[in-house]
Every structure is written in C-alpha cells, then in structure tokens.
Amino acid sequence: MEELSVVGKSLTKVDAMDKAMGRTKYTADFDASVLHVKIIRSPHAHAKIISIDTSKVEAYPGVRGVVLPDDVPKKRTGYIVCVDKYILPVDGIVRYIGEPVGAVIADSEEIAEEAMQFLDIKYETMPAVFDAEESFKKDCPVVIHPNKKEYGQPGVYLMGSSMEREIPNACTVLKIHRGDTEKAFKEADLIVENRYTFDGGSQARPELFVMDAWIEGDVYTVRAART
C-alpha cells in the first residue's frame, strides 16, 4: 500500500506554538479606525411593530446611520435549525425577546450604546407561549411561523434533519435512530429514562463570531474570525 504524506501521520499544527504563546491575533485584536454597530433588540416575546422613529438617534453626535427592516434584503437565511430566519423582521412581527429589530452605526461603541436609548419604537404586544411543551403541540393557539408550509427545505441537512411542517412552532426536527432499541431494552439489566437539555454553542471556538470590513478604492475587504 502506498505510503501517504498526511493520512496515518502525527502532524504538528502549524499555528500551535503561536496560540500557546499568545501571539496569535484575532479579529478583535486589530486596532483600526472603524465604525461600531449596536443591535436594537425586541423587549417582547411576540409583538407587532407599529412605528419606529429614528429622528433623535440620527441627530445624536457621532451616529453615522440607523439600519431598519426596510433597509435589508427580504430573504430567509439560516443554517439547519434556523432556516426560517430573516436578518430583520420583514413582516413587522417580532417573535422572541432579543430578536434584532435594527442597528445603530456610530463612531464608537459608547456612542452607539447611548444613542440607542433615544430610539422610539412602538409595539403592539401579541399572545405568546412560554412553555416549550405547549409550543410544540400541533394545535398550539400561538402560531409563530404561520406560513411555514410555504418554506423550502433546509439548504443543509444534519444527520437526517428535516423541516417539520405539521407543528407550526417547530422548525427543523432531528431524529436519530441507531441499533435495535427494543432488543436493547429487553436485554438490559437496568433502564434509566430521563430528558436532557443543553445550551446551544459552538465547539472549539477560540473567539466569537467577529468580522471587520473596509473599502480601499474599488476593493472591498472583509476579515472574519476562524476557528
């Protein structure tokens, strides 16, 4: 069998020493003259946006602009479990506490933070469901995604994940089947049944999702974080 240069070999990670010695630079380490963005988030679990007045924010010294739902593409984005997500709510409805509603762009993080306080958003609260078990029922009275049956399939499949169309408040459903469960139960000396939950997160990520970008002439450069 032909000897391969990588497969079956113990290789040294090329950037291991720099990371171990603290010499590696991440996106946030670069000191550049940049604008800062602060995200405006919904305080409601389910509400209709009635109006947004940005006049005081735009007049605030150091603010360069405000981004609202009408300023972004009306296209669904997401990966596996968030395939029905918009960048900002395009239908005027917020569906969870903390959902992005807009963004303030300013000369510094502090200015953006201060200016956000002057944004006037009026909401009309709508019924919400706060129990996970209740929200997964097919006849749940609060439907978060009323047009879900019109969605296309997820662009990426993970171990058999699929779009769940019959449960209005569920998006992607993942079912894992391995081995003969019934046989294992019959032969087991002890069966322990429980329900387990975990917080979402990215494994082995040394920094947050960070990027910066700049324009030089007709060249637009984006520098993004990598694991």
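Note that the structure is a prediction, hence the values are computed from the model and not measured. (Residues numbered from 1 in each chain as written. Predicted model: local features only at pLDDT ≥ 70, side-chain atom pairs only at ≥ 80, totals over all residues. Heavy atoms only, no water.)

### Some words on helix 3 (residues 109-116)
- Residues of helix 3 that are buried: Ile-111, Ala-112, Ala-115 and Met-116. Summarising the axial view, the buried residues of helix 3 lie within an arc of 135°, below the 170-degree limit, and thus occupy one face. (Buried < 20%, exposed > 50% of the residue type's maximum accessible area, 1.4 Å probe, protein only. Helix = DSSP H or I, 4+ residues; strand = E, 2+ residues; numbered from the N terminus. Arc of directions from axis to C-beta.)

### What to know about the pattern of salt bridges
- This structure, assessed with the given rule, holds twelve salt bridges.
- Across the salt bridge formed by Lys-9 and Glu-3, the nearest N and O atoms sit 2.4 Å from each other.
- Put simply, Arg-95 and Asp-91 hold a salt bridge, and the shortest N to O gap is 2.8 Å.
- Under the relative-accessibility criterion, Arg-95 is labelled partly exposed at 21%.
- Within this structure, Lys-13, Asp-15 and Lys-19 form a network of salt bridges that share partners. (Salt bridge = Lys/Arg side-chain N within 4 Å of Asp/Glu carboxyl O.)

### Observations concerning the packing of aromatic side chains
- In this structure the tally under the stated criterion is one aromatic pair.
- Measuring from centroid to centroid gives 5.6 Å for Tyr-60 and Phe-118, while their planes differ by 35°, and the two rings are tilted. In this pair, Tyr-60 is assigned in the loop between helix 2 (55-58) and strand 3 (63-67) and Phe-118 in the loop between helix 3 and strand 8 (120-125), connecting sequence segments 58 residues apart.
- Note on Tyr-60: relative accessible area 22%, which makes it partly exposed. (Phe/Tyr/Trp six-rings, centres within 6.5 Å; stacked < 30°, edge-to-face > 60°.)

### Quick word on the sheet that holds strand 1 (residues 36-41)
- The antiparallel open sheet is built from three strands, whose spatial order is 1-7-3. Unpaired on one side and paired on the other, strand 1 and strand 3 mark the two borders of the sheet. Here the average twist between neighbouring strands, direction ignored, is 20°.
- The strands touched by helix 3 are strand 1, strand 3 and strand 7 (100-106); relative to strand 1, the strand with the most contacts, the crossing angle is about 25°. (Pairing = 2+ DSSP bridges. Axes fitted to C-alpha atoms, helices over the stretch in contact; angles between N-to-C directions. Contact = heavy atoms within 4.5 Å.)

### Brief notes about the confidence of the model for the protein
- On average, residues of the protein carry a pLDDT of 81, and 78% of them reach 70 or more.
- Contacts of residues 153-159 to residues separated by more than four positions or lying in other chains number 13 contacts, the stretch itself having pLDDT below 50. (pLDDT = per-residue confidence, 0-100.)

### Examining the sheet that holds strand 8
- Spatially, three strands are ordered 6-2-8 in an open sheet, and the strand pairing comes out antiparallel. Of all strands in the sheet, those with a lone pairing partner are strand 6 (93-94) and strand 8, marking the two edges.
- When strand 2 (residues 47-53) meets strand 8, the two strands line up antiparallel, connected through six bridges. Looking at the pairing, Lys-48 lines up with Glu-124 of strand 8.

### Description of a nonpolar patch on the surface
- A contiguous nonpolar surface patch, about 370 Å² in accessible area, is contributed by Leu-4, Val-6, Val-7 and Leu-11.
- Here Leu-11 is to be found in the segment before helix 1 (16-20).
- Judged by its relative accessible area of 54%, Leu-11 falls in the exposed class. (Patch = residues over 30% accessible without salt bridge, like charges linked within 9 Å, V, L, I, M, F, W, Y side chains within 5 Å. Areas by Shrake-Rupley, 256 points an atom, 1.4 Å probe, with all protein chains shown as cover.)

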